[in-house]
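Read off the chains here:
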Amino acid sequence: MVGLLAHNFLSGEQFFDLTIGQEFVLVYGDRQVQFFRVERIEQFQALTPTSPYSNFIDLADADEEVISSSALFQQIYTTKGQVVFQTCIEAFGDPSWGRIFVIAEPIEPLAGDL
């Protein structure tokens, strides 16, 4: 599991350009290469935006059920092998209003891709 976190006003701004189905290559420090595909994008409102222990609301949940920071962490960051891009969502003048998680799963390269 790899988590890539960046501020939404720096490199994290580019996380919003990632789309479901998009493929990318991750090159590790030891020169290992691994291919990934973006499988889902999840967005949450932080009820206490600047707190690391904020509760959250899933923006796709019509019932607006509140989820704890630890439950959100378990939901997003516990699947072996995936890559997660995380940054804040700016809204209503608050640069930390919410969080976006772009989640990618490993794929095998097609023959001839290397």
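Our subject is the structure listed above.
Here the structure is a predicted model, which is why all the values come from computation and not from measurement. (Residues numbered from 1 in each chain as written. Predicted model: local features only at pLDDT ≥ 70, side-chain atom pairs only at ≥ 80, totals over all residues. Heavy atoms only, no water.)

Student: Just checking my understanding: could you explain the overall build of the protein chain for this structure?
Tutor: Scanning the protein chain from terminus to terminus reveals one helix and seven strands. Helices (α) and strands (β) of the protein chain occur, in sequence order from the N terminus, as β-β-β-β-β-α-β-β. Its C-alpha atoms put the protein chain at 45 × 25 × 25 Å along the principal axes. Considering only contacts in the protein chain between residues 6 or more positions apart, those separated by 24 or more positions represent 51%. (Helix = DSSP H or I, 4+ residues; strand = E, 2+ residues; numbered from the N terminus. Contact = heavy atoms within 4.5 Å.)

Student: So what exactly am I meant to see when it comes to the packing of aromatic side chains here?
Tutor: Applying the stated criterion across every chain, the model contains seven aromatic pairs. Taken together, a centroid distance of 5.5 Å and an interplanar angle of 15 degrees make the contact between phenylalanine 24 and phenylalanine 36 stacked. Pair noted here: phenylalanine 24 is in strand β2 (residues 23–27) and phenylalanine 36 is in strand β3 (residues 33–46), with a separation of twelve residues, a long-range link. By relative accessible area, phenylalanine 24 is classed as buried at 16%. On the basis of an interplanar angle of 75 degrees and a centroid distance of 5.9 Å, the ring pair of phenylalanine 44 and phenylalanine 101 is categorised as edge-to-face. In this pair, phenylalanine 44 sits in strand β3 while phenylalanine 101 sits in strand β7 (residues 94–107), placing the two residues 57 residues apart along the sequence. (Phe/Tyr/Trp six-rings, centres within 6.5 Å; stacked < 30°, edge-to-face > 60°. Buried < 20%, exposed > 50% of the residue type's maximum accessible area, 1.4 Å probe, protein only.)

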